[in-house]
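So you can see what is in the structure, the chains are spelled out below.
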Amino acid sequence: MKSKLTVFAIITFISFNVLFAQVPNAPVAAAATSVTATSFTANWASGAGPVETGYYLDVSTSATFSTFVSGYNNLIVLAPTTTQAVTGLTAGTTYYYRV
């Protein structure tokens, strides 16, 4: 009697999900409003794409943001707000902001 060799191939399909996070586009800073000698309102538009949950606002007397105004270094502003009052400034000083 001849022996019969049977070969079984076992193929396992592994299923997995890949999640890709969609990063929103950067917000766009707009001109300041409600400007007084010691305050202004920072304004920006949200970036396109997925909805943001918040923004970081920086205010500086340096155009390169090498230093920050106290309280305005990565100040968290929760979405959907796209404005922030900046107060307690020194009259006659130039200020810059970024979001």
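Above: the structure in question.
The structure presented is a predicted model; accordingly, all values stated were derived computationally and were not measured.

1. A word on the sheet that holds strand E2 (residues 40–45)
Within a sheet, each strand pairs with its neighbour through backbone hydrogen bonds, oriented either parallel or antiparallel. Here we have three strands laid out as an open sheet, ordered E1-E2-E5, and antiparallel in their pairing. Each edge of the sheet is formed by a strand with only one pairing partner; in this case those strands are strand E1 (28–33) and strand E5 (83–86). Direction aside, neighbouring strands of the sheet carry axes that sit 25 degrees apart on average. Across four bridges, the pairing between E2 and E5 is antiparallel. Counterpart to Asn43 in the pairing with E5 is Thr83.

2. Here's the deal with the side chain of Thr41
Along the chain, the position of Thr41 falls in strand E2. Judged by relative accessible area, Thr41 falls into the buried class, the value being 17%. Contact partners of Thr41, with chain neighbours within four places excluded, come to Ala32, Thr33, Ser34, Thr83, Gln84 and Ala85.

3. Thoughts on unusual backbone geometry
Backbone torsion omega between Ala79 and Pro80 reads 15 degrees, so that peptide bond is classified as cis. Residues other than glycine seldom take positive phi values, yet Ser34 does so here, at roughly 50 degrees. In this structure, Ser34 sits in the loop between E1 and E2. Its identity as a non-glycine residue notwithstanding, Asn74 has a phi of 60 degrees, on the positive side. Note on placement: Asn74 falls in the loop between strand E3 (54–60) and strand E4 (75–78). On the basis of relative accessibility, which here comes to 44%, the residue Asn74 falls in the partly exposed class.

4. A few points about the side chain of Ser62
Considering the arrangement of structural elements, one finds Ser62 in the loop between E3 and E4. Only 2.9 Å separates the side chain of Ser62 from the side chain of Thr64, close enough to count as a polar contact. Of the polar contacts made by the side chain of Ser62, one reaches the side chain of Ser66; its length is 3.2 Å. Not counting chain neighbours up to four residues away, the residues in contact with Ser62 comprise Thr67 and Tyr96.

5. Structural notes on the sheet that holds E3
Spatially, the three strands line up as an open sheet ordered E4-E3-E6, and their pairing is antiparallel. Edge positions in the sheet fall to E4 and strand E6 (96–98), since each has one partner strand and no second. When strand polarity is set aside, the average angle formed by the axes of neighbouring strands in this sheet is 30 degrees.

6. Section: the packing of aromatic side chains
In total, this model carries three aromatic pairs according to the counting rule given. Summarising the aromatic geometry, the rings of Trp44 and Tyr55 are spaced 5.4 Å apart at their centres and angled 65 degrees between planes, so their arrangement reads as edge-to-face. Taken together, the residues Trp44 in strand E2 and Tyr55 in strand E3 connect sequence positions eleven residues apart. In terms of burial, Trp44 and Tyr55 fall into one category: buried. Across from the ring centre of Phe65, 4.2 Å away, lies the NZ or CZ of Arg98, which sits over that ring.

The rules behind the values
All residue numbers here refer to positions counted from 1 along the written sequence of the relevant chain. Per-residue local features are limited, in this predicted model, to residues with pLDDT of at least 70; the limit for side-chain atom pairs, both in listing and counting, is 80 or more; totals at the level of whole chains, interfaces and linings are taken over all residues. Think of the side-chain values as coming from all heavy atoms in the structure, minus any hydrogens and water. We call two strands paired when DSSP finds no fewer than two bridges between them. A run of H or I in DSSP becomes a helix once it reaches four residues, and a run of E becomes a strand once it reaches two; helices and strands are each numbered from the N terminus. The convention used is that axes are lines fitted to C-alpha atoms, helices contributing only their stretch in contact, and that angles between N-to-C directions extend from 0 to 180 degrees. Accessible area is worked out with a 1.4 Å probe on protein chains only. A residue is then buried under 20% of its type maximum, exposed over 50%, and partly exposed in between. Pairs of residues are marked as contacts when any of their non-hydrogen atoms sit within 4.5 Å. Here a polar contact is recorded for every N or O atom pair within 3.5 Å, except that within protein the pair must consist of a potential hydrogen donor and a potential acceptor, and residues adjacent in sequence are included only if both atoms are side-chain atoms. When two rings of Phe, Tyr or Trp (its six-membered ring) have centres within 6.5 Å they constitute a pair, described as stacked for plane angles under 30 degrees, edge-to-face for angles over 60, and tilted for the intermediate range. In our convention, an over-ring charge means Lys NZ or Arg CZ found within 6 Å of a ring centre and within 35 degrees of that ring's normal.

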